[in-house]
Amino acid sequence: MRSRAQEMMKRFLGLAFALMLCGVCLGQTFGAARLSPTLQNQLNGLANNASVGVVIISFNTSSGLTASHLNILRGLGILKGVTFQKLGMVGAVLTAGQVRALQNNSAVRSIWSNDRQAYYMNQARMLTGVDLLRADNGFTLRNGGMPVSGAGDFSVLVIDSGIDATHADLPYGSKIIQNTQRVVSTDAGNTGITVAGVSLNGFTPSLSIEGVPNTDNVGHGTHCAGIVGGLGSHSGGIYSGVAPGVKIVGSGGGAVILVLDALAGWEYGLSHQDQYKIRIITNSYGPLGGGEYDPNHPFMIAAKNAYDHNISVFFAGGNDGAAKNTLSPYAQAPWVIGVAAGTKDGMLADFSSRGLPREERLSDNNPMNDNEAPTLTAPGNGRFFESSLTRYGFTTDIVSVRASTNLTANGLNADTEIPVGMLPFYTQISGTSMATPFAAGVAALMLDVDPTLTPDEIKQIMIDTATRMPGYRDFEVGAGYINAYAAVDKVFNRSKAYHNFSEPTFNAQFGEDRPAVQNFHIDFSPEASGPTSTNATTFTVEPNMNVLDVFANVDDVIEFGTGNLVGIRVTSPSGVNYSTAIEYPVIGSTAREVVVQNPEAGTWTLEVRGARGLTAAPQASSPIQIAQPGPVNGSVVQIKYILPVIPDIIGHPQQAQIEAALKNRVIDIYSDGSFHPDAITSREDLARALILNAPVRQSISSTPRISDVTGDLLAIADAVTSNGSTLRDYNFVPGGMMNIQGIGSFKPSGAVSRLDLAVALVRALGHDAEARALSGSTVTWNGTALSDNDQIPESLRGYVQIAINDGLFEAYPAAVVQTGPGQFQVLPGPRFEPGTSVTRATLAVKLSAYQQLFTTGG
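All figures in this text were calculated on a predicted structure; none of them were measured in a lab.

Caption draft 1: How the structure looks around the overall build of the protein chain. Of the regular secondary structure elements, the protein chain holds 24 helices and 31 strands. Within the span of the protein chain, comprising 858 residues, buried residues form 56% of the whole. Within the structure as shown, the protein chain displays about 33,100 Å² of accessible surface, and the carbon and sulfur contribution to it stands at 53%.

The structure is reproduced here in structure tokens:
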């Protein structure tokens with residue numbers, strides 16, 4: 001698929017052209033130059049003559065670095081640095097005064113610090129357990145004394161734009177064992193064409209020129225190959241691929257890939273399978289806007305042929321999200337592993353294409369869409385939350401190898417997050433294009449352990465070991481986030497009972513009340529604008545609705561060679577906006593969708609909008625709408641969940657909160673239909689709640705750690721007590737969300753205290769490192785030390801402080817309580833009461849607060 005950077009570049013060129021026609025200057029800036037957060041903090045109180053170290057200066061330019069840019073630096077006494085002509089950047093050592101002067105220069109776009117060189121591609125490897133399995137001594141011992149790296153007697157075929165095998169991370173001969181350039185005539189009737197001495201007159205076989213060191217003039221395929229198995233030679237291994245030991249065969253088709261281009265790659269791979277022992281084919285391309293799966297499509301025929309020859313086939317899910325029914329049809333074949341794009345903080349990328357909800361695809365009369373969901377999700381984007389930059393140092397995209405001839409597949413200003421010395425060799429971009437070779441690399445690790453694995457076995461193990469992604473459904477993320485460590489562990493230990501947590505069952509089965517669907521038609525005009533214009537309409541949301549789903553199809557036009565620039569935005573009665581979240585509003589699909597949970601009742605406004613201004617500027621800042629006029633048709637669907645009667649919560653003080661928690665599926669009732677709101681929360685209750693609400697990595701011990709639970713609870717208890725038990729704990733630090741109670745004992749009926757719950761939820765949010773940093777501190781409430789600090793173990797005080805700061809827990813004020821006739825007790829405050837047991841009603845309330853933090857990056 002087209003990567004994020006390619007989409008952004010094509011859109012930028014289109015918007016640039018349109019804005020120039022409208023008299024808007026592309027060199028215009030919108031305020032002072034942007035400083036990285038690290039640099040902002042570093043500058044506070046720093047003298048002008050103090051050094052800030054190496055920074056990267058990015059200029060406002062559409063034509064690369066110019067002499068005038070360098071003269072600006074010379075005028076400030078900056079006389080040396082590393083220049084990047086095409087990127088319009090310079091890396092140099094600056095003083096604080098020089099940074100301040102450049103910040104106010106209109107020619108400077110941004111100034112970025114050079115301080116996160118330990119992250120990028122390795123972040124995705126750590127998140128999915130790749131680094132953990134490389135360091136696992138047990139795995140190494142069982143793998144003949146060699147780390148699991150994909151270094152088996154097989155290869156991966158990358159069908160893409162090409163591979164730059166002159167790069168030290170992808171050396172020709174040892175890593176790239178064959179590199180071919182596809183030669184395909186798009187005119188079946190042409191004559192007189194000769195390539196490498198071979199005439200293409202008449203009927204000729206598909207031709208691929210072998211032994212070409214560099215076949216990539218775009219950079220996309222090189223980036224993908226680096227994700228599969230790059231060596232990381234230019235980065236000391238930091239940016240190595242998933243399977244650095246694997247051998248790769250490249251099939252390059254250039255900047256534009258047509259069906260014939262890709263088929264030439266399939267033809268070469270299948271005809272040379274035995275020679276190069278090809279066991280995996282990765283494909284990061286597909287049609288714009290999804291489409292219906294058809295097993296008779298040439299790609300599907302080729303993919304089935306490969307599958308029948310014991311080759312695992314991976315296809316990108318597409319970058320046309322976030323509306324339903326936009327998944328690439330190539331990713332839907334039963335014999336293919338279709339890959340959605342996840343972020344480094346464990347969420348689903350906004351651009352990742354969605355399939356069709358199961359209830360829709362299985363209830364219609366179309367058997368071709370029954371499999372319209374990705375198989376799983378793998379890293380294809382950087383941070384989802386801005387808080388992940390400061391908390392973890394997550395970059396905006398996925399870092400991998402930069403081709404020397406790279407023209408478009410680069411991270412533009414996002415590449416300033418890469419250390420200057422590594423910029424010539426690496427770039428970061430996003431897309432399901434990146435997620436797909438990542439998953440292919442995991443398959444290579446599995447084949448390294450057992451080369452007899454079949455495509456079906458590889459697919460099933462990936463599904464069984466994937467990590468559940470709370471808040472998403474199978475048509476969006478498939479089985480969940482890929483877990484490389486668990487997948488390899490399962491290959492080593494087939495008897496381990498890995499079982500995906502992504503399909504929980506609930507005792508609370510509730511019905512739905514759906515008011516009449518409200519349809520709308522708008523003839524969009526780029527000349528109109530605003531909530532009262534002809535581009536807008538209103539609709540009514542009834543009270544107590546749980547889901548608002550606004551779906552629209554826009555006019556099918558192609559603008560600037562990219563896609564339709566029309567989106568929709570809905571506004572609540574109180575003025576909150578929800579949009580189609582087209583990150584850089586060019587997507588191939590005509591579908592637009594906005595889904596709002598628990599929407600506000602009243603009159604809402606829906607406005608059809610074109611792209612406005614440059615991507616760096618807020619959309620509302622420009623009245624110019626870059627879009628073509630055309631019809632927009634859609635519907636407004638509302639859903640209200642109807643709970644069954646739960647007798648023991650009727651009239652309870654927290655009935656409303658319990659019902660909201662049940663509707664949001666953060667907690668469940670018991671099998672007899674009761675909730676037991678005042679019962680003490682058991683450790684089994686908490687463990688099951690964590691499975692519902694946290695992205696819990698599966699972890700099954702080689703030797704039993706827990707002896708007092710059985711059935712499904714054994715796997716749950718093993719997972720929540722293991723190191724790195726949550727995906728938010730991306731680097732597997734010691735300690736699970738819950739602890740084992742003594743030797744081999746989970747104590748499922750044991751009571752959960754306020755301290756237990758605070759620790760579990762803070763760890764589930766991924767704040768473990770921050771909490772550990774506060775070990776031994778004094779916990780405060782509104783600036784006042786807790787009166788019962790000494791009752792909180794020093795090592796756990798940071799968890800309590802973060803739970804209070806984030807609003808998960810409260811501290812109780814001082815109070816006088818009556819303990820008997822004429823007897824009173826003074827309770828000091830503020831106090832946390834760490835040993836007080838948590839009721840199930842309180843658990844429901846806390847889980848709802850946790851869910852809000854989890855979905856917003858809190």
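Caption draft 2: Region of the structure containing the pairing of strand β21 (residues 547-553). Most of β21 is tucked away: six of the seven residues are buried. Inspection of the sheet shows β21 paired to strand β24 (residues 591-597) by seven bridges, in the antiparallel sense. Looking at the pairing, phenylalanine 551 lines up with glutamate 593 of β24. Bridge count between β21 and strand β27 (residues 630-642): seven bridges; the pairing is antiparallel. Within β27, the residue paired with phenylalanine 551 across the bridge is serine 635.

Caption draft 3: Geometry of the environment of glycine 602. On the secondary structure map, glycine 602 appears in strand β25 (residues 602-612). A relative accessible area of 23% places glycine 602 in the partly exposed class. Note: C-alpha distance between glycine 602 and glutamate 542 (60 residues apart in sequence) is 6.5 Å. If we ignore the near neighbours within four places in the chain, the residues touching glycine 602 are Phe539, Thr540, Val541 and Pro573.

Caption draft 4: Spatial organisation of the side chain of asparagine 546. One can find asparagine 546 in the loop between β20 (536-541) and β21. Given the relative accessible area of 7%, asparagine 546 is considered buried. If we skip the residues at most four places from it in the chain, asparagine 546 touches Val596, Gln597, Asn598, Pro599, Ile639, Lys640, Tyr641 and Lys663.

Caption draft 5: Fine view of the layout of surface pockets. By volume, the second largest pocket is sized at about 860 Å³. Lining the second largest pocket are 32 residues, and of these Phe501, Arg688, Ile691, Asp712 and Ile716 lie nearest its centre. Of all elements in the fold, only α19 (683-693), α20 (712-720) and α24 (840-856) reach the threshold of two or more residues within the lining of the second largest pocket. Sort the elements by how many residues they give to the lining of the second largest pocket and α19 lands first, with six residues. Taken together, the residues of the lining of the second largest pocket break down into 17 nonpolar, six polar and nine charged.

Caption draft 6: Quick look at the confidence of the model for the protein chain. Residues of the protein chain with pLDDT of at least 70 account for 85%, and the chain-wide mean is 84. Of the regions scoring below 50 in pLDDT, residues 582-586 engages in 23 contacts with residues more than four places distant in sequence or in other chains. Low pLDDT, under 50, characterises residues 613-622; the stretch is placed with 17 contacts to residues that sit more than four places away or in other chains.

Caption draft 7: Summary view of a nonpolar patch on the surface. Taken together, the side chains of Val816, Phe824 and Val826 make up a nonpolar region of the molecular surface, amounting to roughly 340 Å² of accessible area. Checked against the element boundaries, valine 816 lands in strand β30 (residues 815-820).

Caption draft 8: Highlighting the pattern of salt bridges. Applying the stated criterion across every chain, the model contains 23 salt bridges. For aspartate 308, the salt bridge identified is with lysine 304, shortest N-O distance 2.9 Å. Of this pair, aspartate 308 and lysine 304 both sit in helix α11 (residues 298-308), separated by four residues, roughly a single helical turn. The class of lysine 304 is partly exposed, set by a relative accessible area of 28%. A salt bridge links glutamate 607 to arginine 609; the shortest N-O distance between them is 3.4 Å. An identical accessibility class is assigned to glutamate 607 and arginine 609; each is buried. What emerges from the salt-bridge pattern is a single network uniting Arg358, Arg361, Asp474 and Glu503.

Cut-offs applied
Residues numbered from 1 in each chain as written. Predicted model: local features only at pLDDT ≥ 70, side-chain atom pairs only at ≥ 80, totals over all residues. Heavy atoms only, no water. Helix = DSSP H or I, 4+ residues; strand = E, 2+ residues; numbered from the N terminus. Buried < 20%, exposed > 50% of the residue type's maximum accessible area, 1.4 Å probe, protein only. Areas by Shrake-Rupley, 256 points an atom, 1.4 Å probe, with all protein chains shown as cover. Pairing = 2+ DSSP bridges. Contact = heavy atoms within 4.5 Å. 1 Å grid on protein atoms, 1.4 Å probe; cavity = no way out; pocket = protein on both sides within 12 Å on 5 of 7 lines; lining within 4 Å. Points joined across faces, edges and corners; volume = space filled by probe spheres on them. Nonpolar A, V, L, I, M, F, W, Y, C, P; charged D, E, K, R; others polar. pLDDT = per-residue confidence, 0-100. Patch = residues over 30% accessible without salt bridge, like charges linked within 9 Å, V, L, I, M, F, W, Y side chains within 5 Å. Salt bridge = Lys/Arg side-chain N within 4 Å of Asp/Glu carboxyl O.

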